[in-house]
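# Residue-level structure breakdown
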Amino acid sequence: MALQESGEMYIETIFVLSQESDKVRAIDIGEYMGYSKPSVSRGLGLLKDEGLIKKDSDGCIKLTKAGEILAKNIYERHTVLTAMFTKLGVDEKTAAEDACRVEHYISDKTFDAIKAHYKEFTNTSSSRMYPE
């Protein structure tokens, strides 16, 4: 399943908000992302059509199993890339912004290689490639 970047941003936002609260509503998503109510409504409709989210009777938005798997994958990309960029000396704000852009376009193959490389060098204290 290939979502556009905006769809991935919605999925990631729902995942992040659901870690903070059991009740995620469209208004919360809009506030978090800085999007208008009509934009959020349209985006959520597309995610619902894809089977990635569902709404309960109270209007709370939940990720489906497929949505949760996708969200965890996107969020992992974001956190690993942000950590790697900060380890390279990029300030945290810039690192997070750049990771957010890169996470949507990098292939699984390249991300897996980056993740393995990052893990290897963060577990090796003698490496001079990354400052402590």
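Check the entry above for the structure.
Here is a short report on the structure shown in this document.

Conventions we followed
- Residues numbered from 1 in each chain as written.
- Predicted model: local features only at pLDDT ≥ 70, side-chain atom pairs only at ≥ 80, totals over all residues.
- Heavy atoms only, no water.
- Helix = DSSP H or I, 4+ residues; strand = E, 2+ residues; numbered from the N terminus.
- Expected span 1.5 Å × (residues − 1).
- Buried < 20%, exposed > 50% of the residue type's maximum accessible area, 1.4 Å probe, protein only.
- Contact = heavy atoms within 4.5 Å.
- Patch = residues over 30% accessible without salt bridge, like charges linked within 9 Å, V, L, I, M, F, W, Y side chains within 5 Å.
- Areas by Shrake-Rupley, 256 points an atom, 1.4 Å probe, with all protein chains shown as cover.
- Salt bridge = Lys/Arg side-chain N within 4 Å of Asp/Glu carboxyl O.
- Lys, Arg positive; Asp, Glu negative; His and termini not counted.
- Charge placed at Lys NZ, Arg CZ, Asp CG, Glu CD.
- Arc of directions from axis to C-beta.
- Core = buried A, V, L, I, M, F, W, Y, C linked by side-chain atoms within 4.5 Å.

### As for helix α1 (residues 5–20)
With 16 residues, α1 extends 23 Å from end C-alpha to end C-alpha; this agrees with the ideal 22 Å at 1.5 Å per step. Buried residues of α1: G7, E8, M9, Y10, I11, E12, T13, I14, F15, V16 and L17, and no others. Here the buried face of α1 lies against α2 (26–33), α3 (37–49), β1 (53–55), β2 (61–63), α4 (65–87) and α5 (92–102).

### Points about a positive patch on the surface
A cluster of basic residues, K23, R25, K54 and K62, forms a positive patch on the protein surface. Relative to the helices and strands, R25 resides in the loop between α1 and α2. Here R25 falls in the partly exposed class, since its relative accessible area comes to 32%.

### Quick word on helix α6 (residues 108–122)
End to end, α6 covers 21 Å across 15 residues, agreeing with the expected 21 Å (1.5 Å per residue, within 8%). Where α6 is concerned, the buried positions are F111, I114, Y118 and F121. One side of α6 carries all its buried residues, which in axial view fall inside an arc of 105 degrees. Facing away from the buried surface of α6 by more than 90 degrees, the exposed residues are K109 and K119.

### Some remarks on the nonpolar core
I11, I14, I29, L44, L47, I53 and L63 are the most contacted members of the largest nonpolar core, which totals 21 residues. Listing elements by their share of this core, those giving two or more residues are α1, α2, α3, β2 and α4. Ranked by residue count, the leading element in this core is α1, at six residues. In this structure, I14 is in contact with V24, I29, L44, L47, I53, I61 and L63, ignoring residues within four places of it in sequence. Core analysis: the second largest hydrophobic core is formed by ten residues, L81, M84, F85 and I106 among them.

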